[in-house]
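A structural walkthrough
Given next are the chains, with one letter for each unit.
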Amino acid sequence: MPEGPELHLASCYINTVCAGLIFSGKVEKSEVSKNPEVLFESDAYLISATSRGKEIKLTLTPLKEEKNTLPGRGKDREGLSQNGLQQPMDIVFRFGMSGSFKLASGAELPKHAHLRFYTKESPHRALCFVDIRRFGRWEVHGTWQLDRGPCVMLEYEKFRENVLRNLSDKAFNKPICEALLNQKFFNGIGNYLRAEILYRLKIPPFEKARTVLEALQHRKQSPDLTLSKKVKLKRENPDLLELCHAVPMEVIHIGGKGYSPEPSDDAAAFEEWLQCYCVPGMRSLRDGNGRTIWFQGEPGPMAPKGEKSRKRRLRVNADPEPPSPKVTKPVPTRSSKGSSSQEKVAKRSGRKKGKEPVQGAKNVKANEARKPNARSRRKASTSQESPTSEAPAADRKRQASDRRSTGAATAAPRSRRVKAE
DNA sequence: CGTCCACGTCTAC
DNA sequence: TAGACCTGGACGG
């Protein structure tokens, strides 16, 4: 679920579904989670949420000044004042690769629900932190992580200043595509957003970040224009930092959960929204950290040497007109869903995935449309399109950033899996 | 069956 | 700058 928009949508979800809901009792953690216990207990409390970049903060607020009557009860709780009252508590979450929140029936909890807040009502329900891969973290009495910058969505001006005032930072020695993932400056940007943002401006992903950003420092605007003209100009020609705000805002306005595996009208709309990330016909490379960057056109001067540009036939995304990025696209305000779903699907499956050749084209066997949502994988991993690459095969070490080594190490994990959740 | 891949941090050489 | 941390879907044999 998790780049900035997904975190923000999660906070909206929580505030919506928990509005007027009263929670009660203890907070329950799954056995398998290595995150800290949440020693909070109250007879009646409320839950609200706020987000900042890729973090979300839940606030638990006890309702009345309920006294802790039972002796001994809650002795191990945190946040108790001297007289035994449960104080409000903040918990800050990061979502890892798969975190999300869901209000579910207390009787049948979702799989991988690692933290549960139960409602007071008779058939209990539970607000659950669901996290399949368990890369997510929470901190009791948490605060926004100190070395993360201002939120690209909710603190745009501060975010912009923080970048432009610190261009001498070594973070900007890196390629722009890598700098965009640095949460110290781009809190909220993740892998699909960086691709979509760079694509809108056709900035080569491996252009040096400082080079790209220095150009924005003194955007001299002709002083003779009227204010409204300036505004219009700006809206129609957003620069990179403006897009770091506007692009994630587009996702928020689609609604739903943003990037999510759960099928829904909104999920379909999101897929439709993607113009570059995982889109057939786009190129991709591994960046310096082994993450896949999707782009179109030239990789740029700092591109990893000897890397192969793989084209994949992936998803059955839309992507109507070929390569022209729609920079200004007005916010697609939540429309009457319901009917839209059907036509969307029809539309998309009927769509040819447009443009074709991207350089070394090769014999890329075009995307045979898979079923929607199917992110078809692979084509050539080690067999890459070698001929074009100037690098000897030996050089491409398989960036295994997210992989368990094969071979000897596999036995252990296997057995651990047994202890299901 | 096995391999590769995924929306992200973390921390240990 | 490699791994580590995890589960599960897609695909290949």
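Just so it is clear, the structure is predicted and the values come from calculations on it, not from any experiment.

Calculation notes
Residues numbered from 1 in each chain as written. Chains lettered and ligands numbered in written order. Predicted model: local features only at pLDDT ≥ 70, side-chain atom pairs only at ≥ 80, totals over all residues. Heavy atoms only, no water. Helix = DSSP H or I, 4+ residues; strand = E, 2+ residues; numbered from the N terminus. Buried < 20%, exposed > 50% of the residue type's maximum accessible area, 1.4 Å probe, protein only. Contact = heavy atoms within 4.5 Å. Areas by Shrake-Rupley, 256 points an atom, 1.4 Å probe, with all protein chains shown as cover. Pairing = 2+ DSSP bridges. Axes fitted to C-alpha atoms, helices over the stretch in contact; angles between N-to-C directions. pLDDT = per-residue confidence, 0-100. 1 Å grid on protein atoms, 1.4 Å probe; cavity = no way out; pocket = protein on both sides within 12 Å on 5 of 7 lines; lining within 4 Å. Points joined across faces, edges and corners; volume = space filled by probe spheres on them. Nonpolar A, V, L, I, M, F, W, Y, C, P; charged D, E, K, R; others polar. Patch = residues over 30% accessible without salt bridge, like charges linked within 9 Å, V, L, I, M, F, W, Y side chains within 5 Å. Salt bridge = Lys/Arg side-chain N within 4 Å of Asp/Glu carboxyl O. Parallel < 35°, antiparallel > 145°, perpendicular 65-115°, else oblique. Left-handed = near helix turned anticlockwise from the far one by under 90°.

Now for the overall build of chain A. Helix and strand counts for chain A come out as 10 helices and 11 strands. Taken across its 421 residues, chain A has 48% of its residues classed as buried. Considering only contacts within chain A whose residues lie at least 6 apart along the sequence, 72% involve residues at least 24 apart. Accessible area for chain A stands at about 21,500 Å²; split by element, carbon and sulfur atoms hold 54% of it.

This next bit is on the sheet that holds strand β3 (residues 55-62). Spatial strand order, β5-β7-β6-β1-β2-β3-β4-β8: eight strands in an open sheet with antiparallel pairing. If you trace the sheet from one side to the other, it starts and ends with β5 (99-105) and β8 (137-140), each paired once. When strand polarity is set aside, the average angle formed by the axes of neighbouring strands in this sheet is 25°. Bridge count between strand β2 (residues 41-52) and β3: eight bridges; the pairing is antiparallel. Counted as the bridge partner of Thr-50 is Lys-57 from β3.

When pLDDT drops low, the exact placement of atoms in the prediction is not to be read closely. Residue-level pLDDT values for chain A average 78, and 69% of them are 70 or greater. Throughout residues 308-324 the model reports pLDDT below 50, and contacts reaching past four residues in sequence, or to other chains, amount to 79 contacts. Here residues 326-421 is modelled with pLDDT under 50, and outside its nearest four sequence neighbours on either side it reaches 123 contacts, counting other chains as well.

Attention now goes to empty space enclosed by the protein. The final tally for this structure, using the stated rule, is two cavities of 30 Å³ or more. Every residue along the wall of the largest cavity is listed here: Ala-195, Leu-198, Tyr-199, Lys-202, Ile-203, Pro-205, Cys-276, Trp-294, Phe-295 and Gln-296. Looking at the lining of the largest cavity, the elements with two or more residues in it are α4 (191-201) and β10 (292-295). Tallying contributions element by element places α4 first for the lining of the largest cavity, with three residues. Among the residues making up the lining of the largest cavity, the classes are represented as eight nonpolar, one polar and one charged.

Let us now look at the pairing of strand β4 (residues 89-94). In terms of burial, β4 is largely enclosed, as five of its six residues are buried. Direction of pairing for β4 relative to β8: antiparallel, over a ladder of four bridges. Each residue of the ladder has a partner; that of Arg-94, found in β8, is Arg-137.

This paragraph deals with a nonpolar patch on the surface. Residues Ile-22, Leu-46 and Leu-63 make up a contiguous nonpolar surface patch of about 210 Å² in total accessible area. Along the polypeptide, Leu-63 turns up in the loop between β3 and β4. Judged by its relative accessible area of 40%, Leu-63 is partly exposed.

This brings us to the packing of α4 against helix α7 (residues 240-254). In contact at an axis separation of 10 Å, α4 and α7 are set at 120° when each is read in the N-to-C sense. One element, α4, and the other, α7, form an angle in the oblique class. For the crossing formed where α4 meets α7, the hand is right-handed. Contacts between α4 and α7 involve Tyr-192, Leu-193, Glu-196, Ile-197, Leu-198, Arg-200 and Leu-201 from the former and Leu-240, Leu-243, Cys-244, Val-247, Pro-248, Glu-250 and Val-251 from the latter. Among the residues forming the contact of α4 with α7, the class breakdown is 11 nonpolar, no polar and three charged.

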